[in-house]
Amino acid sequence: MIRHSSAWLILLFVASSMMLTPACQHEPDGSPIDPGPIDTTENPIDTTENPVDTSGVPCDPAKVYFTTDVLPILKSNCAKAGCHDGITHEEDIVLESYQTLFNSDDELVVPFNLNDSKLFEVITESDPDKRMPPAPNQRLTADQINTIATWILQGAQDLTCDPNTGSCVTTNISYAAFVAPILTNNCVGCHSGGAPSGGILLNSHSSVQVVANNGKLFGAINHSAGFQPMPKGSAKLPQCTIDKINGWIQDGAQNN
């Protein structure tokens, strides 16, 4: 009786061990199959050739953003040596950032109100002795004035967005519709008039084409080694913007 009980206990132990041991898959030759690394993330694998960058907040074309739309105009035309940069601070007004703008004068920009905003008043002033930027600097373009006006009417907020979010098309770039406005807002304030910075003019297609063809334009905006980084004293242009300008250059820097 004891011998039979022992045999049953042994059989029960073996059966339990087999049930607890996980089954393994094998190749035809008997070697185990390697399942490969297991993706434990919740993010699906991107199988597209041109994935869309979703890391930033996309820009709303109906909104005016201070950092990407307004500040370049102010820094290129107003916040420079002899005017409203941090060193000169003419009339104690500094236009190098959102904070310095509002810390300078609480009447400089009145959200939602153009008539009470001194900034709008001086950039639309008809008297050449009172307008800003002062002569011999060229006055702001209608598009630049409209950008600042729209920003004020939208509440003069410090909104930001990521211009690099989404696909970046770098072919068939227009000089008139894309390149010229970028240069006007970021560069022409310094590179125009009778004494342009570095002796470089960027206020016409013919002058821009010269620096586009000799590599100086791309080298400067790309912050390449051996070139003066541009825009001077400002952050590097969005990479998509740089790629678009380079696409225009590679297509012949046409006056299109």
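A quick note: this is a predicted structure, and the numbers were derived from the prediction, not measured.

## A look at the state of the cysteines
Piece 1. Counting across every chain of the model gives two disulfides.
Piece 2. Two residues, C59 and C161, share a disulfide whose sulfurs are 1.9 Å apart. Taking the sign of the S-S torsion, 85° for the link of C59 and C161, the bridge is right-handed. With C59 in the loop between α1 (2-20) and α2 (66-77) and C161 in the loop between α5 (142-153) and α6 (175-186), the pair connects residues that are 102 residues apart, well separated along the chain.
Piece 3. Overall, C59 belongs to the partly exposed group, its relative accessible area being 33%.
Piece 4. Of the residues examined, C161 reaches a relative accessible area of 13% and is grouped as buried.
Piece 5. Each sulfur in the disulfide pair C168 and C240 lies 2.1 Å from the other.

## Some points on the packing of aromatic side chains
Piece 1. Counted under the stated rule, the structure contains five aromatic pairs.
Piece 2. Seen in terms of ring centroids, F66 and W151 are 5.3 Å apart; in terms of plane orientation they differ by 40°. Their pairing is tilted. Here F66 is found in helix α2, whereas its partner W151 is found in helix α5, with 85 residues between them in sequence. For the pair shown, F66 and W151 are each scored as buried.
Piece 3. Ring centres 6.5 Å apart and planes at 65° place the aromatic pair F102 and W151 in the edge-to-face group. A residue pair is termed long-range when its members are at least 10 positions apart, and F102 in helix α3 (residues 98-104) and W151 in helix α5 qualify at 49 residues.
Piece 4. Here F102 falls in the partly exposed class, since its relative accessible area comes to 24%.
Piece 5. One aromatic cluster is present, formed by F66, Y98, F102 and W151 through successive ring pairs.
Piece 6. A cation over a ring is seen here: K244 above F178, with NZ or CZ 5.5 Å from the ring centre.

Cut-offs applied
- Each residue is numbered by its place in its chain's sequence as written, counting from 1.
- Selection of residues for local features in this predicted model requires a pLDDT of at least 70, selection of side-chain atom pairs for listing and counting requires 80 or more, and totals for whole chains, interfaces and linings are taken over all residues.
- The basis for every side-chain value is the complete set of heavy atoms in the structure, and neither hydrogens nor water enter the calculation.
- Any two cysteine sulfur atoms lying within 2.5 Å of each other are counted as a disulfide.
- A run of H or I in DSSP becomes a helix once it reaches four residues, and a run of E becomes a strand once it reaches two; helices and strands are each numbered from the N terminus.
- Classification of residues uses two cut-offs on accessible area relative to the type maximum, computed with a 1.4 Å probe and protein chains only: under 20% is buried, over 50% is exposed, and between them is partly exposed.
- Under the pairing criterion, centres of Phe, Tyr and Trp rings, with the six-membered ring standing for Trp, must be within 6.5 Å; the plane angle then separates stacked pairs below 30 degrees from edge-to-face pairs above 60, leaving the rest tilted.
- Ring-over charges, as used throughout, are those where CZ of Arg or NZ of Lys falls within 6 Å of the ring centre and within 35 degrees of the ring normal.

On their own, these measurements won't tell you what the molecule is for.
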